[in-house]
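Descriptive structure summary
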Number of protein chains: 2
Amino acid sequence: MGFILAIHGGAGTIRRATMTPELESGYHAGLCAALKAGHAVLAAGGPALDATIAAVMAMEDNPLFNAGRGAVYTSAGKLEMDAAVMEGRERRAGAVAGICGPRNPVLAARAVMEHSDHELLGGAGAMAFLNTQDIVFEAPEYFATERRWKALQTELERRRMGAMTEADDSTRHGTVGAVACDAQGNLAASTSTGGMTGKLPGRVGDSPQIGSGTFADNGSCAVSCTGVGELFVRYCAAHEISARMRFLGEGLEAAADKVVTDLAPVGGNGGLVAVDAAGTVAMPFNCAGMYRGRIGEDGVAWTAIYREELRADRG
Amino acid sequence: MGFILAIHGGAGTIRRATMTPELESGYHAGLCAALKAGHAVLAAGGPALDATIAAVMAMEDNPLFNAGRGAVYTSAGKLEMDAAVMEGRERRAGAVAGICGPRNPVLAARAVMEHSDHELLGGAGAMAFLNTQDIVFEAPEYFATERRWKALQTELERRRMGAMTEADDSTRHGTVGAVACDAQGNLAASTSTGGMTGKLPGRVGDSPQIGSGTFADNGSCAVSCTGVGELFVRYCAAHEISARMRFLGEGLEAAADKVVTDLAPVGGNGGLVAVDAAGTVAMPFNCAGMYRGRIGEDGVAWTAIYREELRADRG
């Protein structure tokens, strides 16, 4: 049986006007690197969970994406990261919310799943637990980027003026995520994010909430979402796709399209990546663009940003 | 059209051996008081959301129940409370995790829904927001009870001995919750909990996670769960009931029974209360007992603890 991995690096109003060729190339290169990191795991016979974590780590390490290094700032000028992992065979899951310290928040989520009796740990309590775990920590400066700091100042100024946002909102509420089906037919999903620029301290989005931003079940699908998290939570977006497949007999693409389409009119701008156990991939979004990509057994990385065809990596 | 309210005050291995007639009467009286608080709202034409909040507040104020006053302790000997509210017309929701201060955590959840741009706030950030809200705070001593402190010592000793638990586990992971259908056919759910005795600091259970422990949608049902939260999260218990009703055409009771029954073999001991817009109530549990009750237009409070018929309040 084959294997497949799909990823996203955030969705929203990605404005071509504010995009340079260099930045665009950087995003494609970052997506390719993440796809290849996940592919290496799957090609070696590794599990879907490990592949999604490897892909997410690559994006967490890349300051272009809003997760790990390069995460966005809260209204208080701090970094608070959320992440989740879920594997579809036993439906084990782990998640963290409101942490800053672990270089790779997705590994913190995995530690919660594997080494605690709990599923979600947040804030100071999460940090106390993570300090006992074998994961790499970084000082706050590691995560800090000038670009995100400026984005916070712009957002705070916008609020002072009471103005509508004109910014590229994929930079305000980006998220990274990966879903995979491995050679054994096991599914997994991982998601990681800095949240929304200017979010209230303590805000927990959809990413670490199982069934909302992250979900995996071998019997239906694995899903990782990105967008206006509050709406993805209220509509249990990821689990709704699984339910449509299981109970209505819809295919992955039809179910994913329906959920993403229905989120738009209620303000749930965003998108998601999803896979099923047959290796089908869906990458719907209801906004201008979504940083996204997929890679199969042949190792060719396909990536896209806007509403356009995926392009093969020529690197 | 009629109205209906159903509540729970926790589920688990409620042992008759450790129950006294006085304690049993206390639970029935506490459930009755909560039902009547909710009924007063509905009888005055108030919305389902307000009724569920009133019922939950009555149980938060009652130290017999694991929420608000009488919440259980973390492994660090602190109190960290979670709560959520959701209304089914617009699917608005608010939740808090890991807070200690607001006398009624369910009002904190409502404040997040009504006065923030977010859906879930946790820990120190949540407290900073709540301090700006018009809600009543109490000192830590208000919430503290000797009974819960002893339960923590027993649990910590059990862990030191590596023994299996013999304790009444409804006292280890109780939760309170309410669901209602008001005269306009609007549904709502509210849930509040201290979590599990001896939980890791920072642990977030199913109660504040929409779709897991709390859910409301006028088109299907309102649900509030209690039990081993980690499993209710991995199986998105509350939202799964809604999905079965919407996509399989199952009735409320069949859908709720199925979800609760399927949770048992994977370790998801517990139960839930649910209502639909026709006024149907379901109160399934897969363990020895669940503190529960219901009240309709006639104002007669029906309550039960074990696997037994509901009894009418003779108070």
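Going by the structure above, here's the rest.
So, a few notes on the structure that sits alongside this text.

So, how was this worked out
Residues numbered from 1 in each chain as written. Chains lettered and ligands numbered in written order. Predicted model: local features only at pLDDT ≥ 70, side-chain atom pairs only at ≥ 80, totals over all residues. Heavy atoms only, no water. Helix = DSSP H or I, 4+ residues; strand = E, 2+ residues; numbered from the N terminus. Buried < 20%, exposed > 50% of the residue type's maximum accessible area, 1.4 Å probe, protein only. Contact = heavy atoms within 4.5 Å. Areas by Shrake-Rupley, 256 points an atom, 1.4 Å probe, with all protein chains shown as cover. Lys, Arg positive; Asp, Glu negative; His and termini not counted. Charge placed at Lys NZ, Arg CZ, Asp CG, Glu CD. Least-squares fit on C-alpha atoms with pLDDT ≥ 70 in both. Buried area = accessible area lost by both parts, 1.4 Å probe. Salt bridge = Lys/Arg side-chain N within 4 Å of Asp/Glu carboxyl O. Polar contact = N/O pair within 3.5 Å; in protein donor to acceptor, adjacent residues only side chain to side chain. Pairing = 2+ DSSP bridges. Right-handed = clockwise from strand over helix to strand, strands pointing away. Phe/Tyr/Trp six-rings, centres within 6.5 Å; stacked < 30°, edge-to-face > 60°. Lys NZ or Arg CZ within 6 Å of the ring centre and 35° of its normal.

Overview of the overall build of chain A
Across its full length, chain A holds ten helices and 14 strands. Referenced to the eigenvectors of the C-alpha coordinate spread, the extents of chain A come out at roughly 55 × 45 × 40 Å. Looking at chain A as a whole, 63% of its 315 residues are labelled buried. When contacts within chain A are restricted to residue pairs at least 6 apart in sequence, those whose partners lie at least 24 apart make up 68%. When the accessible surface of chain A is split by element, carbon and sulfur atoms take 52% of a total near 10600 Å². A gap of 5 Å separates the mean positions of the 28 positive and 36 negative side-chain charges of chain A.

Structural notes on the relation of the copies chain B and chain A
For the match of chain B to chain A, the screw axis carries a shift of 0.0 Å, the RMSD comes to 0.0 Å, and the turn is 180°. Here the transformation between the copies is reduced to the relation of a two-fold axis. A shared binding surface is used by both copies, with 100% of the interface residues of chain B retained as interface residues in chain A.

Focus: the environment of G267(B)
All names here are of chain B. Here G267 lies in the loop between α10 (252-263) and β10 (270-275). C-alpha separation for the pair G267 and C287, spaced 20 residues apart in sequence, amounts to 11 Å. Once you skip the residues sitting within four places of it in the chain, G267 turns out to touch V228 and L231.

Focus: the interface of chain B and chain A
Every contact between the two is made by 40 residues of chain B and, on the other side, 40 residues of chain A. Between chain B and chain A the total buried area reaches about 3100 Å² when both faces are included, carbon and sulfur atoms providing 60% of it. Counting the surface chain B buries against chain A, the share from its top three residues, H118(B), R234(B) and F247(B), is 22%. Joining chain B to chain A, the criterion identifies two salt bridges. The salt bridge involving R246(A) is made with E240(B); its shortest N-O contact spans 2.7 Å. Put simply, chain B and chain A have 19 residue pairs in polar contact (both at pLDDT 80 or more) between them. Elements with a contribution of two residues or more to the side of chain B that touches chain A: β4 (120-122), α4 (123-130), β7 (203-204), α8 (229-234) and α9 (237-248) of chain B. Here the side of chain B that touches chain A gets seven residues from one element, more than from any other, and that element is α9(B). Relative to β7(B), strand β4 (residues 120-122) of chain A is paired through two bridges, and the arrangement is antiparallel. Across the sheet, L121(A) pairs through a bridge with R203(B), a residue of β7(B).

Points about the sheet that holds β4(A)
Across the sheet, which stays open at both edges, the ten strands sit in the order β14(A)-β13(A)-β12(A)-β1(A)-β5(A)-β6(A)-β2(A)-β3(A)-β4(A)-β7(B) with mixed pairing between neighbours. Looking along the sheet, the strands with just one partner apiece sit at the ends: β14 (311-312) of chain A together with β7 of chain B. Pairing between strand β3 (residues 93-99) of chain A and β4(A): three bridges, direction parallel. Among the inter-strand pairings, A95(A) is bridged to a residue of β4(A), identified as L120(A).

Description of the pairing of β3(A)
All names here are of chain A. Of all seven residues in β3, six are buried, a share of seventy percent or more. The pairing of strand β2 (residues 81-87) with β3 spans five bridges and is antiparallel. Bridge assignment links M86 to a residue of β3, and that residue is A93. What joins β3 to β4 is helix α3 (residues 105-115), and the crossover it makes is left-handed.

Points about the environment of G202(B)
Relative to the helices and strands, G202(B) resides in the loop between β6 (187-193) and β7. Every residue in contact with G202(B), bar those within four places of it in the chain, is listed here: L120(A), L121(A), G122(A), G125(A), A126(A) and E80(B).

Observations regarding the packing of aromatic side chains
Residue and element names in this part refer to chain A. Evaluation of the coordinates by the stated rule reveals eight aromatic pairs over all chains. Here the aromatic residues Y27, F65 and Y291 are joined through ring pairs into a cluster of three or more. Between R246 and the ring centre of F247, over which it is positioned, the NZ or CZ distance is 4.6 Å.

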